[in-house]
Structures are given as C-alpha cells and as structure tokens.
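A structural walkthrough
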Amino acid sequence: MIGTGPGRVAKLDAGVGVGLDARVPPEARGVPRDGVRLLVGRRSTGEVSHHTFTDLPRLLRPGDVLVVNTSATLPAAVPVPGPEGMVVHFSTELSAGVWLVELREHGGKAQHRSGSPGDRYPLPGGAAVTLREPYSQGRLWVADVDAEMPGFLYRYGRPIRYDYVDGSWPLSDYQTVFATEPGSAEMPSAARPFTDRLVTRLVAAGVLLVPVLLHTGVASPEAHERPYPERFVVPATTARVVNRARADGGRVIAVGTTAVRALETAAAEDGTVRAAAGWTDLVITERRGVRVVDGLLTGLHEPRASHLLMLAAIAGPALLEGCYAEAVSAGYLWHEFGDTNLLLP
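Treat the numbers as computed from the prediction; the structure is a model and nothing was measured.

What counts as what
- Residues numbered from 1 in each chain as written.
- Predicted model: local features only at pLDDT ≥ 70, side-chain atom pairs only at ≥ 80, totals over all residues.
- Heavy atoms only, no water.
- Salt bridge = Lys/Arg side-chain N within 4 Å of Asp/Glu carboxyl O.
- Buried < 20%, exposed > 50% of the residue type's maximum accessible area, 1.4 Å probe, protein only.
- Pairing = 2+ DSSP bridges.
- Helix = DSSP H or I, 4+ residues; strand = E, 2+ residues; numbered from the N terminus.
- Axes fitted to C-alpha atoms, helices over the stretch in contact; angles between N-to-C directions.
- Contact = heavy atoms within 4.5 Å.
- Phe/Tyr/Trp six-rings, centres within 6.5 Å; stacked < 30°, edge-to-face > 60°.
- 1 Å grid on protein atoms, 1.4 Å probe; cavity = no way out; pocket = protein on both sides within 12 Å on 5 of 7 lines; lining within 4 Å.
- Points joined across faces, edges and corners; volume = space filled by probe spheres on them.
- Nonpolar A, V, L, I, M, F, W, Y, C, P; charged D, E, K, R; others polar.

1. Let's talk about the pattern of salt bridges
Throughout the structure, instances matching the rule amount to 14 salt bridges. Salt-bridge contacts for R244 lead to D248; the nearest nitrogen and oxygen are separated by 3.6 Å. Of the two residues examined, R244 and D248, each falls in the exposed class. Salt bridges here are not isolated pairs; linked through shared partners, they connect E27, R33, D173 and R192.

What follows is the structure in structure tokens.
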C-alpha cells in the first residue's frame, strides 16, 4: 500500500518535492475555486480519468448523497512574544481551558522538540499556555490555556500555515462554502473547491447534500501516531437521508476524511447510521474497512499521512496507487490549496 513500501514512498516523496506543492490558493494562480483539477478513480474498472472540479455534477448520479463537514476554520496559530519565532498551534479543546497544542519554531515552520511538563509560555494580551504532559512523543501536548477562547484566537491568531505555502493568506481563504460552526484547527480542505453555483448545479442534477460536523485538529505526517479525539456530530436528518439512499441503491460519497470519520463513528456494523455526537478517535484502515461510505472526494495526501490508510480502505490499494502515480505524472498539486481526487466505487 502507498506509504508502507520504501520504493513507493520514495517515488511519491520525490514527486511531491519537485514543484507539486500548491504554494498559494488557486485564486492567486488565476484559477477559480471550482477550477482546480479533479482526478477520478473508479474501483469497479480501475479506470483513472482527468477532469476539472466543475465536472463533478456530471460525474455523480441522481440519488447520490454528498456528506459535507460544516466545521469552520479557526485562526489557530498564535505567536509567542519574543525573538525566537515560536508559535503555538491550538489543535483541540478537550475541556474548558484544556487544549491539545503543538509548539512550532521559526514562525511555525519546524516542530519544537523540547519542552517539559510545567513549562509556561506567554501569549499576547497577557494570556499563557502551560504544558501538562506530552500527548504524542515530540509533538502534541496537553496544556492549560489561560485565555478566553475562541475570542482570543480571533484577536491574536492567524491560520495555521506550513512552510510549503508562500506568504500569509486571510482566514477567508481557509474556509469552505459549508463552514457554519468554528472549531477546526485546520481547514477541512476537501470541500474548498465547492462554490454556491456548483452546489446549485449538484442539487439540480439530483445529488443530495447533507451535513455532519467534525472539528479537525492539527495535521500530522505520522501514519502511526497516537490518534487524538475530535468532536463530531451526525444529525438525525443526515442519518435518515443516508440510510434511505443506501436502501434505494444510492451511493454515499464523503467530502473529506473528516466526513468519513464522523459517519463511520455513527455507523453500526451493518452500515446503519444513527444520530450521534461526542468524541471520536477512530482510525480507519483496510483491516477495519468502511461500513457506510461508498466513495470519497479528497485532496492529495503525503506518503506518510495516516489518511492514506483510510483511502486504501475505501478505494483499494491498486486503485489508490494508480491514482497517485497518475497524479504525480500529470503534475497535480498537493495540500490544502491543491487539486482533488474523487474515488468512486
């Protein structure tokens, strides 16, 4: 499977590293949001084809259900005052005043590997973050935060940005058309190419769109890192629509890995979805499989990303390898401002 074989990882690493990072939003490249490229893979035939995102309404069928995440992105990166360029990334609020956080150096470009329980870091406006205990080795910490959230983030924070992105971009560039409830540390980026006009075309084509909510934390390149809990909601109406579509032969297509985790957390072993809310740390692998999701619309993920385990569970390793080989060959762009991949049954 992609991400487990040294040769395959090396091939993808080389491809991603040579001009395939989406360094700015597509609009800054002269491409509209819904004008990014869309690579389509069909598991039934193994066929891989090239499209633009505006082709989506004709690639789906009447009666298909698109499940979208309505979480909005927070400005979750806050600088630590001082000359070192340290930044705190606020990942997930575990309880009032207690967060999972990541410490970054050089303006957010590198992980801060040191730190000990009890270390206190001042923040703007007289706030502070104090480390309690490590959550994952060398990366995430459970920390006490002395600040009124989320107002503090809107006043002092900025969107989380990694070193493959050139320049600073406003929070609006990190929101999707479906965003209604702030809570994600990073954008649920699979839905970024959707526009109001495209949603209208999908509805006119008989495609149903239903919401779930999952507030995603900071991204990780580690395929086997300890999962962290994320808050989710699957509304009763969404459960009913999904169950009816499956009973009528329709396909359930998740928009993004976040929507997959929410749906699969709320699904029984027979694939029946129930209304649910709470916390999930579900990791979907080929062995676990999926119970309700038939297809996935997603971005392109780095070889070590844990998301690839989920993609292989949905698409199968052969199709996934074919899609990524074609994406590298055709110069598709990676990351949150990049191109997209539709995996169909």
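2. With respect to the sheet that holds strand 16 (residues 276–280)
Spatial ordering of the open sheet is given by 2-1-18-17-15-3-13-14-16, a layout of nine strands whose pairing is mixed. Only two strands of the sheet have a single partner each, and these edge strands are strand 2 (48–52) and strand 16. Within the sheet, the average angular offset between the axes of one strand and its neighbour, ignoring direction, is 20°. With three bridges joining them, strand 15 (residues 252–255) and strand 17 (residues 295–298) adopt parallel strand pairing. Bridged to A254 within strand 17 is L296. Packed on one face of the sheet, helix 6 (residues 257–265) meets strand 3 (65–69), strand 13 (208–214), strand 14 (230–234), strand 15, strand 16 and strand 17 and runs near 85° to strand 13. Against the sheet, helix 7 (residues 307–315) contacts strand 17 and strand 18 (340–344), and its axis sits at roughly 140° relative to strand 17.

3. Description of the packing of aromatic side chains
We describe a pair of aromatic rings using the distance from one ring centre to the other and the angle between the two ring planes. Scanning the model with the defined rule gives seven aromatic pairs in all. Plain terms: the ring middles of Y174 and F337 are 5.2 Å apart, the flat faces sit at 55° to each other, and that makes the pair tilted. With a gap of 163 residues between them, Y174 in the loop between helix 3 (151–156) and strand 12 (181–184) and F337 in the loop between helix 8 (317–330) and strand 18 connect regions that are remote in the sequence. Assessed through its relative accessible area of 3%, Y174 is described here as buried. Owing to a relative accessible area of 1%, F337 belongs among the buried residues under this scheme.

4. Looking at the layout of surface pockets
Of the volumes computed, that of the second largest pocket is approximately 250 Å³. Around the second largest pocket, the lining residues are L74, S91, T92, E93, W99, M149, P150, P182, G183, H215, R231 and W279. Only strand 6 (87–95) and strand 12 provide two or more residues apiece to the lining of the second largest pocket. Sorting elements by how many residues they give to the lining of the second largest pocket places strand 6 first, with three residues. Residue classes in the lining of the second largest pocket are distributed as six nonpolar, four polar and two charged.

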